[in-house]
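# An overview of the molecular structure
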Amino acid sequence: MASPMFEKIALVGIGLIGSSLARVIRREGLARHVAISTRSAATLKRAEELGLGDSYTIDAGDAVRDADLVVVSVPVGSSGAVAEEIAPALKKGAILTDVGSTKASVIAQMQPHVPEGVHFIPGHPLAGTEKSGPDAGFADLFDNRWCIFTPVPGTDPEALERLSEFWRRCGANIDTMDPQHHDMTLAIVSHLPHIIAYNIVGTADDLESVTKTEVIKYSASGFRDFTRLAASDPTMWRDVCLHNKDAILEMLARFSEDLAFLQRAIRWGDGDKLFDLFTRTRAVRRSIIEAGQDIDAPDFGRQAVEHPAKS
Ligand SMILES: NC(=O)C1=CN([C@@H]2O[C@H](COP(=O)(O)OP(=O)(O)OC[C@H]3O[C@@H](n4cnc5c(N)ncnc54)[C@H](O)[C@@H]3O)[C@@H](O)[C@H]2O)C=CC1
Ligand SMILES: O=C(O)C(=O)Cc1ccc(O)cc1
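From a predicted model like this one, the values you see are computed outputs, not experimental measurements.

## What to know about the packing of helix α7 (residues 179–206) against helix α10 (residues 234–243)
- At their nearest, the axes of α7 and α10 sit 11 Å apart, and the two run at 120° to each other. Taken as axis vectors, α7 and α10 run oblique relative to one another. Along this stretch, α7 crosses α10, giving a crossing that reads as left-handed. On α10, the residues touching S190, H191, H194, I195 and Y198 of α7 are W237, V240 and C241.

Structure representation (structure tokens):
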């Protein structure tokens, strides 16, 4: 085995993201010791049964003691409490990072607890699925996906490069941006799609004229795609909504305006408007595929999806 990048990595939270990291760290030999901690005893036991790490503890402080890299992978609403809990045990010189889907709020929650001499570098791998828990993770989740860092002022460039190299070895490509820009961008490309999915599936579930049996029996693939997103973890997505409130409300306002435009075109039989919009949006999909950000990605539930380049 090539020499590991870190002597000890501590993973706090061992769900989809934490356990995917554990698996890729093991596969790539990135640490001599992986310490795992999570809040629930049942999840910790499962992580141990799966052999995800080298040591297991409910006490997050114990896990992070002596660790050179600490990755916090918990719902964003819990990041402040976790930072407070682990702060006294963090080693000087350690890198502390997270994987949360929102960044400004995570920084506001965690940074006040970060001790002098610890390198806090907020991060977000843009890779995931609708599944959660330690069984759901897999080692190639991050392959060819983006990991975005939103560094705080005064970040040590060497620590940033070390963390970047870690994520590259996990398979990811690196980008850096400021937290507000991250939150606005993710609001439209990730948070709104989930909210829209939760909403449409909720609407279908509330219908009286169409029975639940019909919704299940006749669900076309369009609706089925929404149900995949709408099956995502309720705790995680509640926290994302509460912790990226402003950006999500801004994007929802724009979305509602555009929906009203669409509604009006349908009401008045304005086929040209509909055709123009649908032509424009089709081009967006083509650009995504041409940019190589395509649908063979793990995010898409590993289902076979039509792929122009292969058909
Ligand atoms: N699921 C996804 O597709 C993606 C999720 N993320 C972010 O990654 C983070 C983790 O998400 P998942 O791994 O999907 O969630 P998950 O639900 O699969 O796992 C969460 C883990 O955190 C633990 N946990 C919860 N509260 C805790 C606390 N107070 N102290 C210690 N452990 C605690 C749980 O026991 C569990 O091990 C979230 O912040 C989410 O926004 C980022 C990219 C993709
Ligand atoms: O399952 C999907 O389609 C996703 O979009 C996964 C995902 C969820 C949250 C993130 O912050 C990043 C990726």
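## Observations concerning the confidence of the model for the protein chain
- For the protein chain, the mean per-residue pLDDT works out to 93, and 94% of the residues sit at or above 70.
- Confidence over residues 295–311 falls short of pLDDT 50; this stretch has 27 contacts with residues more than four positions distant or in other chains.
- Across the interfaces of the predicted complex, the ipTM metric reaches 0.98, alongside a pTM of 0.93.

## A word on the site of ligand 2
- In the vicinity of ligand 2 there are 12 residues, among which S101, H124, T129, H194 and R228 approach most closely.
- Here an oxygen atom of ligand 2 sits 2.8 Å away from a polar atom, N or O, in the side chain of R228.
- Burial of ligand 2 by the protein amounts to 88% of the accessible area it has alone, namely 340 Å².
- Contributing elements (two or more residues each) for the shell around ligand 2: α9 (221–230) and α10.
- Within the shell around ligand 2, the residues separate by chemical class into 4 nonpolar, 5 polar and 3 charged.

Calculation rules
Residue numbers run consecutively from 1 along every chain, following the written order of its sequence. Labels follow written order: the first chain is A, the first ligand is 1, and so on. Since the coordinates come from a predicted model, pLDDT governs what is reported: local features require at least 70, and pairs of side-chain atoms require 80 or more to be given and counted, while whole-chain, interface and lining totals use all residues. As a convention, hydrogens and water are excluded, and side-chain values are obtained from all of the structure's heavy atoms. Note on method: axes are straight lines fitted to C-alpha atoms, helices fitted across the in-contact stretch only, with angles between N-to-C directions ranging 0 to 180 degrees. Each helix corresponds to a stretch of at least 4 residues labelled H or I by DSSP, and each strand to a stretch of at least 2 residues labelled E; elements are numbered beginning at the N terminus. Between 65 and 115 degrees an angle is taken as roughly perpendicular, under 35 as roughly parallel, over 145 as roughly antiparallel, and anywhere else as oblique. Take the far helix as your reference; a near helix turned counterclockwise from it by less than a right angle gives a left-handed crossing, and one turned clockwise gives a right-handed crossing. Should any heavy atoms of two residues lie within 4.5 Å, those residues are counted as being in contact. Per-residue confidence from the predictor is reported as pLDDT, which spans 0 to 100. The cutoff for a nearby residue is simple: one of its non-hydrogen atoms must lie within 4 Å of the molecule or strand. Polar contacts, as used here, are pairs of N or O atoms within 3.5 Å; protein pairs need one atom able to donate a hydrogen and one able to accept it. Residues neighboring in sequence count only if both atoms are side-chain atoms. The Shrake-Rupley method, run with a 1.4 Å probe sphere, supplies the accessible areas, and residue values consider only the shown protein chains as cover. Three classes are used: nonpolar for Ala, Val, Leu, Ile, Met, Phe, Trp, Tyr, Cys and Pro, charged for Asp, Glu, Lys and Arg, and polar for all others, with Gly counted as polar.

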